[in-house]
Amino acid sequence: MLSMHNISKVFRTDLVQTHALRDFSLEVAAGEFVAVTGPSGSGKTTFLNIAGLLENFDGGSYRLDGVDVAGLSDSALARLRNEKIGFIFQSFNLIPDLNLFDNVDVPLRYRGFSAAERKQRIEEALEKVGLGARMKHLPSQLSGGQQQRAAIARALAGSPRFLLADEPTGNLDSLMARQVMELLEQLHEEGTTIVMVTHDAELARRAPRNIHVLDGAVSDLHVVGTPSLRAATV
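Counting starts from 1 at the beginning of each chain's written sequence and moves along it residue by residue. At least 70 in pLDDT is required for a residue's local features to be given in this predicted model, at least 80 for side-chain atom pairs to be given and counted, and no such filter applies to totals for whole chains, interfaces and linings, which use all residues. Only hydrogens and water are set aside; all other atoms, that is, all heavy atoms of the structure, feed into the side-chain values.

Visitor: What is the right way to look at helix α3 (residues 100–108) in this model?
Guide: A simple rule labels every residue: compare its accessible area, found with a 1.4 Å probe on the protein chains alone, to the largest value its type can have, and call it buried under 20%, exposed over 50%, or partly exposed in between. The helix count covers DSSP runs of H or I at least four residues long, the strand count covers runs of E at least two residues long, and both are numbered beginning at the N terminus. By the burial criterion, the buried members of α3 are Leu 100, Phe 101, Asn 103, Val 104, Asp 105 and Leu 108. Where α3 is buried, its residues touch α4 (115–128) and α5 (144–156). If you check the start of α3, you find a side-chain oxygen 3.2 Å away from the backbone N of Phe 101, and it comes from Asn 99. Contact definition: two residues touch when any of their heavy atoms are within 4.5 Å. Polar contacts, as counted here, are pairs of nitrogen or oxygen atoms within 3.5 Å of one another; within protein the pair requires one atom able to donate a hydrogen and one able to accept it, and residues that are adjacent in sequence qualify only if both atoms are side-chain atoms.

Put into structure tokens, the structure is as follows:
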């Protein structure tokens, strides 16, 4: 699903250059659930942005679901991102003046689905996360945990093969964090490939595979589960 080899990313200013990633190599098989940990500034967010095709890289190679992304045009990257990837952000990123139905609808409008298919996808996604009865509510009328579940529904409605979660429980209390994690575990059991960046060691341990990022590279790897799901750093 994801294959990165010797990825490098350098941020430059007039006075300094910062190596965000150095020879970063990682493979994630289809159907895996991987938790990514590491201190602030270690390169986790840069990795996630590159994995999600939100940011370019300076060196190395990256194949997403068999597609070499290097050299793709902006429109091709946007199409690949919209068709293959779902995003879950710490800050939810819901549009405050749209109800949940319309929030989930926003990315679907770029996929060319008919109105009937969009409606079916939206209703199914909101039912899956337990919000079917609240689809006409505004984000401000929901708890933090409900808003995060709405954000997950928005990601799921497009049937992504690959789900990227950036600190998905960072703004939630412990009870709501566990509920969101249980939902992610359910999605994993249904076959979705998930990469989750987290500072929460307890949540990271619940993922079948953990990697630790330090100074822009994978520094440690821990795998729990059957050998068929194991993927190694290269």
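Visitor: Which parts of the structure should I look at to understand the environment of Leu 53?
Guide: The residue Leu 53 is located in the loop between α1 (44–51) and β4 (59–64) in this model. Those residues in contact with Leu 53 that sit more than four places away from it in its chain are Tyr 62, Leu 64, Val 69, Leu 77, Leu 80, Arg 81 and Ile 85.

Visitor: Which parts of the structure should I look at to understand the nonpolar core?
Guide: In globular proteins that are soluble, nonpolar side chains generally tend to be buried together. In this description, a nonpolar core means a group of buried Ala, Val, Leu, Ile, Met, Phe, Trp, Tyr and Cys residues linked to one another through side-chain atoms lying within 4.5 Å. Leu 126, Ile 152 and Leu 184 are the most contacted members of the largest nonpolar core, which has 38 residues in total. Within the residue set of this core, elements represented by two or more residues are β3 (33–37), α3, α4, α5, β7 (162–166), α6 (174–189), β8 (193–197) and α7 (201–206). Residues contacting Ile 152, with those up to four places away along its chain left out, are Ile 88, Val 129, Val 180, Leu 183, Leu 184 and Leu 187. By size, the runner-up hydrophobic cluster in this structure holds 29 residues, among which are Phe 47, Phe 57, Val 69 and Leu 164.

Visitor: Explanation requested: the pattern of salt bridges in the structure shown.
Guide: Once the charged atoms of two side chains with opposite charge are near each other, the side chains can pair. Salt bridges are defined as contacts in which a side-chain nitrogen from Lys or Arg sits within 4 Å of a carboxyl oxygen from Asp or Glu. Throughout the structure, instances matching the rule amount to nine salt bridges. In this structure, the salt-bridge partner of Arg 118 is Asp 105, at a minimum N-O distance of 2.7 Å. With a gap of 13 residues between them, Arg 118 in helix α4 and Asp 105 in helix α3 connect regions that are remote in the sequence. When its relative accessible area of 13% is taken as the criterion, Arg 118 is described as buried. Each of Asp 65, Lys 84 and Arg 161 takes part in a single network of salt bridges with overlapping partners.

Visitor: I would appreciate a short explanation of α6 in the present structure.
Guide: Because an α-helix packs 3.6 residues into every turn, residues spaced three or four apart end up facing the same way. Here the expected length of a helix is defined as 1.5 Å per residue gap, with one fewer gap than residues. Between its first and last C-alpha atoms α6 spans 22 Å; for 16 residues at 1.5 Å apiece the expected length is 22 Å, and the two agree. When we look at burial in α6, the residues that qualify are Ala 177, Val 180, Met 181, Leu 183, Leu 184, Glu 185, Leu 187 and His 188. At the N-terminal boundary of α6, the capping side chain belongs to Asp 173, with an oxygen 3.2 Å from the backbone nitrogen of Leu 175. Residue Gly 191 follows α6 closely and has a positive phi angle near 110°.

Visitor: In this structure, what is going on with the sheet that holds β4? I would like to understand it.
Guide: Taken in spatial order, the four strands of this open sheet run β2-β1-β4-β5, and their pairing is antiparallel. The sheet is open, and its two edges are formed by β2 (17–28) and β5 (67–68), each paired on a single side. Pairing between β4 and β5: two bridges, direction antiparallel. When the sheet's bridge partners are listed, Leu 64 is paired in β5 with Val 67. The convention used is that axes are lines fitted to C-alpha atoms, helices contributing only their stretch in contact, and that angles between N-to-C directions extend from 0 to 180 degrees. The strands touched by α1 within the sheet are β1 (2–12), β2 and β4, with β1 carrying the most contacts at an inclination of about 120°. The rule for pairing is simple: two strands pair if DSSP sees at least two bridges between them.

Visitor: Which parts of the structure should I look at to understand the confidence of the model for the protein chain?
Guide: Low pLDDT marks regions whose predicted coordinates should not be analysed in detail. As a per-residue measure, pLDDT tells how confident the predictor is, with possible values from 0 to 100. Summing up the model confidence of the protein chain, the mean pLDDT is 88 and the portion of residues at 70 or higher is 94%. Looking at the elements of the protein chain, mean pLDDT is at its lowest for strand β10 (residues 217–223), recorded as 71, and at its highest for β4, recorded as 95. Predicted confidence is poor over residues 225–234, with pLDDT under 50, and the contacts of this stretch with residues over four places away or in other chains come to 21 contacts.

Visitor: Which parts of the structure should I look at to understand unusual backbone geometry?
Guide: A negative phi holds for most residues other than glycine; trans holds for most peptide bonds. Phi at Asp 23 takes a positive value of approximately 45°, unusual for a residue other than glycine. By the secondary structure assignment, Asp 23 is in strand β2.

Visitor: When you look at the packing of aromatic side chains in this model, what are you seeing that I'm missing?
Guide: The relation between two aromatic rings is expressed through the spacing of the ring centres and the mutual angle of the planes. A pair of aromatic rings is counted whenever rings of Phe, Tyr or Trp (Trp by its six-membered ring) have centres within 6.5 Å, and the orientation is called stacked for planes under 30 degrees apart, edge-to-face for over 60 and tilted otherwise. Counting across every chain of the model gives two aromatic pairs. Judged by centre distance (5.0 Å) and plane angle (25°), the ring pair of Phe 24 and Phe 47 falls under stacked. Of this pair, Phe 24 sits in strand β2 while Phe 47 sits in helix α1, and the two are 23 residues apart along the sequence. Both residues of the pair, Phe 24 and Phe 47, count as buried.

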